[in-house]
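Working through the structure, step by step
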Amino acid sequence: MKRPMRMQGEEFNIQANGVEIHGVRMGQGEPLLLLHGHPETCLMWHKVAPQLAERFTVVATDLRGYGDSGKPEGLPDHSNYSKRTMAEDQIEVMRALGFERFHVMGHDRGARVAYRMALDHPEAVNKLVLLDIVSTYDMYSLSTREFAKALFQWYFFTQEAPLPEDMILSSRKQFFRYSLHIARYHSENDTSAEAFPQDVYDEYLRHYNVETIHAICEEYRAGETVDLALDEEDLRAGRKIRAETLVLWGANGLVERFFRPLECWAKFGDHIQGHNLPCGHLSLRRPLSPCWRRWKTSFDNRRKRKTAPRRGESPRRGAVWLKENMKMSHEYMRKSYWKLKLFNITI
């Protein structure tokens, strides 16, 4: 029997917030928590995490309901799959590993857990990176007919159990393939063969079982109810993300197509920076390219202290510094200096 593909690093299973959370730890340095998207596991970081581990203590976990983490039966109000609950899972894991304050980077559903964590636990989140999302509030309040067609799972998964679970299970492999966007996203920067080698694909599919499918539906049900209500409550109360936040999204993806991400995130934080990148939703499945080295370098405080341009210095010097230290692509060097500065977040 073929051995399942695993992440590099030291694996762990930690009891946190009433559920067992599986994860991997590697590297040495400031702690950085990586949170995956749907319908994946911490394996989504397998090409990125080892490079980040050159500078950080990287912790990559399976979210509640995914991978090798616990998958409790959903409660009637879906609260045990809310992003607040899932964020509390991760806070307890990091504390168990000895980290009270840390950086967080999340993609897709993991990014929703990450921004909820930053809102609920500002003392714990140092710097925040959100990859290819807007808030749950904006996903529903700005929804259109075209959006509902392209991202139908936001409405299908939320139907009363067990309807979506049964329908998914009736064609599990086909639906899983579609969930990974292989049938939906095709671009020169984001191809299915490159994004999902067969061993990675097989490992994701291995976990796509009855329990996981129910957990995923519950997590989306919580999004439509608990998570949306929490976002609305924070907006009414004026609560914002305190951490410096970098928002990145794919120029070929649906976030670019349907939203203005920086305008959306401005409601939730005063320290929001970001830009699109020449990729789609799946850009993190391959090693760090020049554009992704930008956020890798953005976590390094030493580099800015030594060489970064000071306020008031010429845009030319700033552009030269960014090109040398962040290995900017020629395409991005053509952009204006203020856009280049959006990537100048350091710790």
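Above this note sits the structure.
This write-up is about the structure you can find in this document. What you see is a predicted model; the values in this text were computed from it and never measured.

1. Considerations on the packing of helix α3 (residues 109–120) against helix α11 (residues 210–237)
Running from N to C, α3 and α11 point in directions that differ by 30°, and their axes come no closer than 12 Å. Both α3 and α11 take part in a crossing whose hand is left-handed. Seen from α3, the contacting residues are Arg 109, Tyr 115, Arg 116 and Leu 119; seen from α11, they are Glu 219, Tyr 220, Leu 230, Asp 231 and Asp 234. Class assignment for the residues of the contact of α3 with α11 results in 4 nonpolar, no polar and 5 charged.

2. Observations concerning the side chain of Thr 41
Within the secondary structure layout, Thr 41 lies in the loop between β3 (30–35) and α1 (49–52). Those residues in contact with Thr 41, other than ones at most four positions away along the chain, are His 36, Asp 62, Gly 67, Tyr 204 and His 207.

3. A look at the pairing of β3
Each regular strand carries side chains that alternate between the two faces of the sheet. Here β3 lies mainly inside the structure; 5 of its 6 residues are buried. By the bridge criterion, 6 bridges tie β3 to strand β4 (residues 56–61) in an arrangement that is parallel. Looking at β4, one finds that Leu 33 is bridged to Val 59. As defined by bridge partners, β3 adjoins strand β5 (residues 102–107) across 4 bridges and the pair is classed as parallel. Counted as the bridge partner of Leu 34 is Met 105 from β5.

4. Regarding the side chain of Thr 85
Inspection of the secondary structure puts Thr 85 in helix α2 (residues 83–96). For Thr 85, a relative accessible area of 15% puts it in the buried group. There is a polar contact of 2.9 Å between the side chain of Thr 85 and the backbone oxygen of Ser 79.

5. Structural notes on the packing of aromatic side chains
Within this structure, the stated rule accounts for 17 aromatic pairs. With a centroid separation of 5.9 Å and an interplanar angle of 45°, the aromatic rings of Phe 156 and Phe 157 are classed as tilted. In this structure Phe 157 comes out as buried when scored by relative accessible area, which is 1%. When the ring of Phe 176 is compared with that of Tyr 208, the centres are 4.9 Å apart and the planes differ by 50°; the resulting orientation is tilted. Placement of Phe 176 in helix α8 (residues 172–179) and of Tyr 208 in the loop between α10 (198–207) and α11 is noted, with a sequence separation of 32 residues between them. Neither Phe 176 nor Tyr 208 differs from the other in exposure class; each is buried. What links up through ring pairs into an aromatic cluster is the set Tyr 140, Phe 152, Trp 154, Tyr 155, Phe 156, Phe 157, Phe 175, Tyr 178 and Tyr 220. The ring of Tyr 220 has Arg 109 sitting right over it, with the charged end atom 3.7 Å from the ring centre.

6. Re the sheet that holds strand β2 (residues 19–26)
A sheet is described by the order of its strands in space; here 8 strands give the open sequence β1-β2-β4-β3-β5-β6-β7-β8, paired in mixed fashion. In this open sheet, the two edge strands, each paired with only one partner strand, are β1 (10–16) and β8 (272–277). Taken over all neighbouring pairs, the strand axes of this sheet differ in orientation by 20° on average, direction set aside. Here α2 sits on the sheet and contacts β1, β2, β3, β4 and β5; the angle it forms with β1, its principal contact strand, is near 120°. α3 contacts β3, β5 and β6 (125–131) of the sheet and is inclined by roughly 150° relative to β6.

7. Overview of unusual backbone geometry
Put simply, His 38 and Pro 39 share a cis peptide bond, and its omega is 0°. Position of Pro 39 among the secondary structure elements: in the loop between β3 and α1. Here Ala 161 and Pro 162 are connected by a cis peptide whose omega angle stands at 5°. In this fold, Pro 162 is placed in the loop between α6 (153–156) and α7 (163–170). The phi torsion at His 78 lies on the positive side, around 65°, for a residue other than glycine. By secondary structure assignment, the location of His 78 is in the loop between β4 and α2. Its identity as a non-glycine residue notwithstanding, Asp 132 has a phi of 60°, on the positive side.

8. Focus: the pairing of β1
Here 7 bridges tie β1 to β2, and the two strands are oriented antiparallel to one another. Bridge pairing links Ile 14 to Ile 21 in β2. Counting the residues that bridge the hairpin from β1 to β2 gives 2 residues, and of these Asn 17 lies at a positive phi of roughly 60°.

Parameters at a glance
Residues numbered from 1 in each chain as written. Predicted model: local features only at pLDDT ≥ 70, side-chain atom pairs only at ≥ 80, totals over all residues. Heavy atoms only, no water. Axes fitted to C-alpha atoms, helices over the stretch in contact; angles between N-to-C directions. Helix = DSSP H or I, 4+ residues; strand = E, 2+ residues; numbered from the N terminus. Left-handed = near helix turned anticlockwise from the far one by under 90°. Contact = heavy atoms within 4.5 Å. Nonpolar A, V, L, I, M, F, W, Y, C, P; charged D, E, K, R; others polar. Buried < 20%, exposed > 50% of the residue type's maximum accessible area, 1.4 Å probe, protein only. Pairing = 2+ DSSP bridges. Polar contact = N/O pair within 3.5 Å; in protein donor to acceptor, adjacent residues only side chain to side chain. Phe/Tyr/Trp six-rings, centres within 6.5 Å; stacked < 30°, edge-to-face > 60°. Lys NZ or Arg CZ within 6 Å of the ring centre and 35° of its normal.

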